[in-house]
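Residues per chain are reported as follows:
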Amino acid sequence: MARPLIGISGNHLVDEGGYFAGYHRAYVNHDYVRSVTEAGGVPVVIPFNEDTEVVKECVARIDALLMTGGQDVCPLNYGEEPHQKIGPVWPERDAFDLLLIKEAEKRQIPIMGICRGLQILNVAHGDTLYQDLSLDKNCYIKHAQKQDPATATHSILIEANSRLAKIIGKCQWVTNSHHHQTVHKVGEGFKVTARAKDGTVESLEGTNYPYLMAYQFHPEMMSAKYALAKKIFVDFVNAAGK
């Protein structure tokens, strides 16, 4: 059987020095590519593009879509003005990601979102984010760990009947954490399947979609060290293969 093609949403960066200062590059973090490959998929980076037809053609050729991390989602997308603690936004990437999601959902192919990927999926489903976790009165855990990306630093509590619990075989886990925004109100068609002990949303699952999983932590960073994180990608790639 052919290995499934996993589309990975792209970002771009601008060289800050050297011979090509100011040069724009299309990229994704290699951990996404590695994790998809090790799970049995063929990673296909979908570079940021403002040509609608090109984006649609890209999605038409893949078997599943992986929404990656990156900039804060612009709050104008969910009817709010930017708070003083919001980080850098890139509205053009928001439009790109929202189109990827729309086209993938039309085809009913498996979708997985990670960090910003979870956030933009929630916004695509009609709801809101905490622009900064300091705005959540219940938040007390350090969610931006600022150390080795793979290191697991705080606990999450997982719903017993969720797909995530079935994937990793447990209802409590310790994950890494690299974010300052997360879900405020839960989007239509999603249910919360994991939270940190301060209530911060750590996982969402689609309720009326064949395969729609989203994680606030970073299993792609953890998968090199932790077998349970690799299982998340194996489950996703297997769903794409079907």
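Located above this text is the structure these notes cover.
Scope of this entry: the structure provided in the associated data block. Every chain is numbered independently, its residues counted from 1 as its sequence is written. Where local features are concerned, this predicted model is filtered to residues with pLDDT of at least 70; where side-chain atom pairs are given and counted, the filter is 80 or more; whole-chain, interface and lining totals use all residues. Note that water and hydrogens are dropped before the side-chain values are worked out from all heavy atoms of the structure.

Each aromatic pair joins two rings of Phe, Tyr and Trp (for Trp, the six-membered one) with centres within 6.5 Å, and gets the label stacked for planes under 30 degrees apart, edge-to-face for over 60, and tilted for any other angle. With the rule as written, the count across this model stands at 6 aromatic pairs. Centre to centre, the rings of Tyr215 and Phe217 are 5.4 Å apart; their planes meet at 50 degrees, and the pair counts as tilted. Each residue is placed in one exposure class: buried if its accessible area under a 1.4 Å probe, protein chains only, is under 20% of its type's maximum, exposed if it is over 50%, and partly exposed if it falls in between. The class for Phe217 is buried, based on a relative accessible area of 0%. Every member of this aromatic cluster is reached through a ring pair, and the members are Phe48, Trp90 and Phe96.

Time to look at the pairing of strand 1 (residues 5-9). Counting buried residues in strand 1 gives 4 out of 5 residues, a clear majority hidden from the surface. Bridging between strand 1 and strand 4 (residues 42-46) involves 5 bridges; their strand directions are parallel. Considered in strand 4, the bridge of Ser9 is made with Ile46. What makes two strands pair is DSSP finding at least two bridges between them. Helix numbers and strand numbers start at the N terminus; a helix is a DSSP run of H or I with at least 4 residues, a strand a run of E with at least 2. By the bridge criterion, 3 bridges tie strand 1 to strand 5 (residues 64-67) in an arrangement that is parallel. Opposite Gly7, over in strand 5, you have Leu65 as the bridge partner.

Before going further, it helps to examine the side chain of Asp136. Here Asp136 lies in the loop between strand 7 (129-130) and strand 8 (154-158). Although Asp136 lies buried, it forms no salt bridge, and the closest oppositely charged side chain, Lys137, sits 6.2 Å away as judged by the N-O distance. Here a residue-residue contact requires only that any non-hydrogen atoms of the pair lie within 4.5 Å. Excluding its chain neighbours within four sequence positions, the residues that come into contact with Asp136 are Tyr130 and Thr200. A residue counts as positive if it is Lys or Arg and as negative if it is Asp or Glu; His and the chain ends are not included. Salt bridge, as applied in this entry: a Lys or Arg side-chain nitrogen positioned within 4 Å of an Asp or Glu carboxyl oxygen.

Inspection of the secondary structure assignment puts Glu205 in strand 12 (residues 201-206). Given the relative accessible area of 12%, Glu205 is considered buried. For the pair Glu205 and Phe190, spaced 15 residues apart in the sequence, the C-alpha separation amounts to 5.5 Å. The contacts of Glu205, once residues within four sequence positions are left out, are Ser162, Arg163, Leu164, Gly189, Phe190, Lys191, Thr193, Leu212 and Met213.

Bear in mind that shape data such as this cannot, by itself, settle questions of function.
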